[in-house]
Amino acid sequence: MKVNKTEIEGCFIMEPTVFEDKRGYFFESFNQEKFETLTGAKPFFVQDNESFSSKGVLRGLHFQKGEHAQAKLVRVLDGEVLDVAVDIRPNSKTFGKVVSTLLSSNNKKQMFIPRGCAHGFVTLSDTAKFSYKCDNFYNAASEGGIIYNDPTFNIDWILESEDLIISEKDKFLPVFKEAVPH
């Protein structure tokens, strides 16, 4: 497995070693020992989530606050998405930095997003099946979010804004300056 550091401290993009032959392919999608050795992070994943989305569906930017913050290891099982992380840890050297990468069932890349980051993605293929490993349980009372088109970040979601499908809740998320203490 190849691990690439990103502009966000503690955020990594992983590329697995894939073994292919005439039968198909095989790869190790997660190995705790290798993960800890390569990243220095020691998450203990307690919850796996999966979502299915159509082209243009944008989910995010979401985060969990305080003791319910979550680190996530995300990947695409089928299709392609643009995956985005934003460092919202006020004391971080990379506070306010944004990382985005294409995750797909073809490239098999994964992104590890540390606790204290907002996360979102947009589906670029006709459909996408997205998998999340989380190191903390979801807590509705600790839910937070930042509007996807916050001018502070100027995220290029690749698709035109009129082609985005956004939940009513996500359409009215606050801007970064209101959502995160500075």
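- Under an unreviewed UniProt entry, the name given to the protein chain is dTDP-4-dehydrorhamnose 3,5-epimerase, and the source organism is Flagellimonas eckloniae.
- Under the UniProt heading Sequence similarities (unreviewed entry), the entry covering the protein chain gives this text: "Belongs to the dTDP-4-dehydrorhamnose 3,5-epimerase family."
- Its UniProt record, at the heading Pathway (unreviewed entry), says of the protein chain: "Carbohydrate biosynthesis; dTDP-L-rhamnose biosynthesis."

Here's the deal with the sheet that holds strand E7 (residues 72–78)
- Pairing in this open sheet of 6 strands is antiparallel, and the strands run E1-E2-E10-E7-E12-E5 from one edge to the other. Each of the sheet's edge strands pairs with one partner strand only, and the pair in question is strand E1 (2–5) and strand E5 (47–54). Mean inter-strand twist for the sheet, computed between neighbouring axes without regard to direction, equals 25 degrees.
- As defined by bridge partners, E5 adjoins strand E12 (residues 127–134) across 8 bridges and the pair is classed as antiparallel.

Section: the packing of aromatic side chains
- On inspection of all chains with the given rule, the structure shows 9 aromatic pairs.
- When the ring of Tyr25 is compared with that of Phe27, the centres are 5.9 Å apart and the planes differ by 20 degrees; the resulting orientation is stacked.
- Ring geometry for Phe130 versus Tyr132: centroids 4.8 Å apart, planes at 75 degrees, classification edge-to-face.
- When its relative accessible area of 12% is taken as the criterion, Tyr132 is described as buried.
- One aromatic cluster is present, built from ring pairs that chain together Phe30, Phe35, Phe45 and Phe112.

What about the nonpolar core?
- One finds Leu61, Val86, Ile88, Ile146 and Trp157 to be the most contacted residues of the largest nonpolar core, which totals 22 residues.
- At the level of elements, strand E6 (57–64), strand E8 (80–87), strand E11 (117–123) and helix H3 (176–179) are the ones that each hand at least two residues to this core.
- Ile13, Val76, Ala85 and Tyr132 belong to the second largest nonpolar core, which has 17 residues in total.

Focus on the pairing of strand E2 (residues 12–15)
- In terms of strand pairing, E1 meets E2 through 4 bridges, oriented antiparallel. What sits directly across from Asn4, in E2, is Ile13.
- With 3 bridges joining them, E2 and strand E10 (residues 110–113) adopt antiparallel strand pairing. Among the inter-strand pairings, Ile13 is bridged to a residue of E10, identified as Met111.

Let's talk about the environment of Leu58
- Along the chain, Leu58 turns up in strand E6.
- Overall, the relative accessible area of 1% leaves Leu58 in the buried class.
- In this structure, the C-alpha to C-alpha distance between Leu58 and Leu159, residues 101 residues apart in sequence, is 10.0 Å.
- Setting aside residues up to four positions removed in sequence, Leu58 forms contacts with Phe121, Val122, Tyr148, Trp157, Leu164, Ile165, Ile166 and Asp170.

Basis of the calculations
In every chain, residue numbers begin from 1 and rise along the written sequence. At least 70 in pLDDT is required for a residue's local features to be given in this predicted model, at least 80 for side-chain atom pairs to be given and counted, and no such filter applies to totals for whole chains, interfaces and linings, which use all residues. As a rule here, side-chain values cover all heavy atoms of the structure and leave hydrogens and water aside. UniProt positions are given in the numbering used here, feature names are shortened, and annotations may be inferred rather than shown by experiment. Two strands make a pair as long as DSSP finds a minimum of two bridges between them. The helix and strand labels rest on DSSP assignments: H or I over at least four residues marks a helix, E over at least two residues marks a strand, and numbering proceeds from the N terminus. Axis lines are fitted to C-alpha atoms, over the contacting stretch for helices. Their N-to-C directions set the angle, which ranges from 0 to 180 degrees. Centres within 6.5 Å make a pair out of two Phe, Tyr or Trp rings, where for Trp the six-membered ring is used; the pair is then stacked when the planes are under 30 degrees apart, edge-to-face when over 60, and tilted otherwise. Burial classes follow relative accessibility: with a 1.4 Å probe on protein chains only, a residue under 20% of its type's maximum area counts as buried, one over 50% as exposed, and anything between as partly exposed. We define a nonpolar core as any set of buried Ala, Val, Leu, Ile, Met, Phe, Trp, Tyr and Cys residues linked to one another through side-chain atoms lying within 4.5 Å. Any two residues having at least one pair of non-hydrogen atoms within 4.5 Å are treated as being in contact.

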